Each structure stands twice: as structure tokens, then as C-alpha cells.
Amino acid sequence: MPADFSGKWILETSEKFEEYLKALNIDFATRKIAISLSQTKVVTQDGDNFDFKTLSTFRNYELAFTVGVVLDEYTKGLDNRNIKSLVTWDKDMLVCTQRGEKANRGWKHWIEDDKLHLELTCEDVVCHQVFKRKE
Ligand code: 1AG
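Thresholds applied
Residues numbered from 1 in each chain as written. Predicted model: local features only at pLDDT ≥ 70, side-chain atom pairs only at ≥ 80, totals over all residues. Heavy atoms only, no water. pLDDT = per-residue confidence, 0-100. Salt bridge = Lys/Arg side-chain N within 4 Å of Asp/Glu carboxyl O. Buried < 20%, exposed > 50% of the residue type's maximum accessible area, 1.4 Å probe, protein only. UniProt positions renumbered as here; feature names shortened; annotations may be inferred. Helix = DSSP H or I, 4+ residues; strand = E, 2+ residues; numbered from the N terminus. Phe/Tyr/Trp six-rings, centres within 6.5 Å; stacked < 30°, edge-to-face > 60°. Near = heavy atom within 4 Å. Polar contact = N/O pair within 3.5 Å; in protein donor to acceptor, adjacent residues only side chain to side chain. Areas by Shrake-Rupley, 256 points an atom, 1.4 Å probe, with all protein chains shown as cover. 1 Å grid on protein atoms, 1.4 Å probe; cavity = no way out; pocket = protein on both sides within 12 Å on 5 of 7 lines; lining within 4 Å. Sits in = over half its atoms within 2 Å of the grid points. Points joined across faces, edges and corners; volume = space filled by probe spheres on them. Nonpolar A, V, L, I, M, F, W, Y, C, P; charged D, E, K, R; others polar.

By the naming in an unreviewed UniProt entry, the protein chain is Cellular retinoic acid-binding protein 1, taken from Solea senegalensis.

Have a look at this one:
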């Protein structure tokens, strides 16, 4: 059975998020808002087709992708960059490489003990977020 990411997840812990935002050149004021937010992930999964919605009171972000298919992603409302994203499986982990202006950019999602983990990487910064199931 492949990992099941679907459901509603709420942010529980976030490490190095502000450093990650800095690496993306997000300005001071926006960073202060962003780090104070509660984030919810709403994930739907149908085989290798995924839809990740990241919701907050400030901004929302949606990413729909198919594993193994390169996607032109525009990070609207985040750092507003155009990137080429490719998500692949590494065992039960979703691994995304985001090619563009920023070096070493990408993310990983995995499930461990019924928690959703997200590692966001940009340059030499790795941010680690953990989400717990909502209701
Ligand atoms: C992502 O996750 C990132 C989703 O692709 C959003 C999480 C963090 C924000 C990243 C960059 C922030 C840039 C500017 C800050 C402004 C607003 C913050 C709003 C945060 C809620 C949207 C990978 C995966 C699929 O879950 O998307």
C-alpha cells in the first residue's frame, strides 16, 4: 500500500521557516506575518495525481501535480517565481525538485506516525514542518 496523504492537516511545528523565507528573499514585514500564521494542508490523492492546498488567513496556495510529470509552477502569492517542478516517489516519500532562479530548491512530503511532514529547501536552508490530522 502506498502512503496515503489525503485529508486535512494542521500545522503543529515549524523549524527554520523564517530562514527559508529569507532565502526566498521575502521581505521583513511579510515574513513576520507568514511565521505567525496557522497553516492547514488539504490534500487529495488519486493514485499519482495530487492536489495540495495550503490555507491560511493571509494567503492560500494550491499545487496540483502528477508524479513523474514536469510542471510549470508559478509560486503565486509566495515568492512569485516561475519554476519547473518535478515530483517523484522515493519509497513512500514525495520528492519535488523546483528548478529556477534559486539553487537547491525543492520539498519533500512524508508520513510518519500519522503526522504529515514537509521539508522545504532553498539554497542551504532546510525548513521542517509537521502537521497533525484535523478532526
Ligand atoms: C509548498 O509546499 C509551499 C506552500 O509548495 C506554502 C508554505 C510555505 C510558504 C512558502 C513560501 C512563502 C513565501 C512568501 C510568504 C507569504 C505568505 C505565506 C503564506 C503561507 C500559506 C500559503 C509544498 C507542498 C505543495 O505542500 O504545495
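Resuming the write-up.
Caption draft 1: Just the confidence of the model for the protein chain, in detail. Within the protein chain, residue pLDDT values average 97, and 99% of them lie at 70 or more. Predicted as a complex, the structure gets a pTM of 0.97 and an ipTM equal to 0.97.

Caption draft 2: Highlighting the pattern of salt bridges. Inspection of the entire model under this criterion finds eleven salt bridges. Among the salt bridges present, the one from Glu62 reaches Lys53, with a minimum N-O distance of 3.6 Å. With relative accessibility at 31%, the residue Lys53 sits in the partly exposed group.

Caption draft 3: Main features of the UniProt feature "domain: Lipocalin/cytosolic fatty-acid binding" (unreviewed entry) in the protein chain. Following the UniProt record, the feature "domain: Lipocalin/cytosolic fatty-acid binding" (unreviewed entry) maps to residues 6–133 here. In residues 6–133, the share of helix is 12% and the share of strand is 57%. The end C-alpha atoms are 10 Å apart.

Caption draft 4: How the structure looks around the packing of aromatic side chains. One pass over the structure, following the stated rule, counts eight aromatic pairs. Ring plane angle 25 degrees and centroid distance 6.0 Å describe the contact between Phe50 and Phe52, whose orientation is recorded as stacked. Here the two residues Phe50 and Phe52 agree in accessibility, since each one is buried. These aromatic residues form a ring-pair network of at least three members: Phe5, Phe50, Phe52, Phe65, Trp89 and Trp107.

Caption draft 5: Spatial organisation of the site of the ligand. The environment of the ligand is made up of 23 residues, and the closest members are Leu21, Lys41, Arg59, Leu78 and His109. In this structure, Lys41 approaches the ligand through a side-chain N or O atom, which is 2.6 Å from an oxygen atom. In this structure, His109 approaches the ligand through a side-chain N or O atom, which is 2.8 Å from an oxygen atom. Summarising the interface, the protein chains cover 98% of the accessible area of the ligand, which totals 640 Å² for the free molecule. Under a 2 Å grid-point criterion requiring more than half of the atoms, the pocket assigned to the ligand is the largest pocket. Counting only elements with at least two residues in the shell around the ligand, the list comes to helix H1 (17–23), helix H2 (28–36), strand S3 (49–55), strand S8 (106–112) and strand S9 (115–122). With three residues, H1 is the largest single contributor of residues to the shell around the ligand.

Caption draft 6: Structural view of the layout of surface pockets. For the largest pocket, the calculated volume is near 650 Å³. If you go around the largest pocket, you meet 32 residues; those closest to its centre are Phe17, Gln39, Thr54, Tyr61 and Leu78. Elements that contribute at least two residues to the lining of the largest pocket include exactly H1, H2, S3, strand S4 (61–66), S8 and S9. Counted by class, the lining of the largest pocket contains 16 nonpolar, ten polar and six charged residues.

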